[in-house]
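# Structural features, examined
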Amino acid sequence: MQLLVTFALVIVFLLALGKHGAISAMLGGGISVISSAVFALIVSRHQGYTAGDAIRTALRAEAAKIILIVGLLWMVFKFYASVNALVFIGTFILMVLVYSMVLFVADNTKKIR
């Protein structure tokens, strides 16, 4: 879902603002997608069976996600001089919101008997 919304925003900003707007949107969405993927990878490798193990894994995954986000945001602002900050940060924030809204999507895979 995040990738689809990111690609849609890239196209919109390409048409509206040109190449640097599209690249800024791609970078903002990409940071969110990459950090979410790292979180999911860490959580999927969880092997403990106690609640404490699950919490430690979730906290470790969240810490890795936050460190990755801060590092990638810094790298974009440090190395991409033509970044459109409003598009970049706006797309990043929107992708974080899209990621959190996935929990509200209903699963309509009812079994027919």
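The structure under discussion appears in the preceding block.
Computed from a predicted structure; not experimentally measured.

## Observations concerning the environment of L94
Within the secondary structure, L94 sits in helix α4 (residues 85–101). Residue L94 is classed as partly exposed on the basis of its relative accessible area, which comes to 34%. Residues L94 and T6, spaced 88 residues apart in sequence, show a C-alpha to C-alpha distance of 9.1 Å. Apart from the residues within four sequence positions on either side, L94 is in contact with V5 and L9.

## Describing helix α3 (residues 51–79)
It helps to recall that an α-helix has 3.6 residues per turn; residues three or four apart then point in one direction. Here α3 spans 42 Å end to end across 29 residues, near enough to the 42 Å set by a 1.5 Å rise per residue. Summarising the contacts, the buried residues of α3 are in contact with α2 (19–44) and α4.

## Remarks on the packing of α2 against α4
Remark: α2 packs on α4, axes separated minimally by 7 Å, with the N-to-C direction vectors making an angle of 35°. Where α2 crosses over α4, the two elements pack in a sense that is right-handed. Each of G21, S24, A25, L27, G28, G29, I31, S32, S36 and F39 in α2 lies in contact with α4, whose residues at this interface are V87, F88, T91, F92, M95, V96 and Y99. Of the residues in the contact of α2 with α4, the class split is ten nonpolar, seven polar and no charged.

## Some thoughts on the pattern of salt bridges
Pairing between side chains of opposite charge can happen when the charged atoms of each approach one another. As enumerated under the stated definition, the model contains one salt bridge in all. Note that R56 and D53 form a salt bridge whose closest N and O atoms lie 2.7 Å from each other. Residue R56 and its partner D53 are located together in helix α3, separated by three residues, close to a single helical turn. Exposure remark for R56: the relative accessible area of 48% places this residue in the partly exposed category. You can call D53 partly exposed: its relative accessible area is 25%.

Rules used throughout
- Residues numbered from 1 in each chain as written.
- Predicted model: local features only at pLDDT ≥ 70, side-chain atom pairs only at ≥ 80, totals over all residues.
- Heavy atoms only, no water.
- Helix = DSSP H or I, 4+ residues; strand = E, 2+ residues; numbered from the N terminus.
- Buried < 20%, exposed > 50% of the residue type's maximum accessible area, 1.4 Å probe, protein only.
- Contact = heavy atoms within 4.5 Å.
- Expected span 1.5 Å × (residues − 1).
- Axes fitted to C-alpha atoms, helices over the stretch in contact; angles between N-to-C directions.
- Left-handed = near helix turned anticlockwise from the far one by under 90°.
- Nonpolar A, V, L, I, M, F, W, Y, C, P; charged D, E, K, R; others polar.
- Salt bridge = Lys/Arg side-chain N within 4 Å of Asp/Glu carboxyl O.

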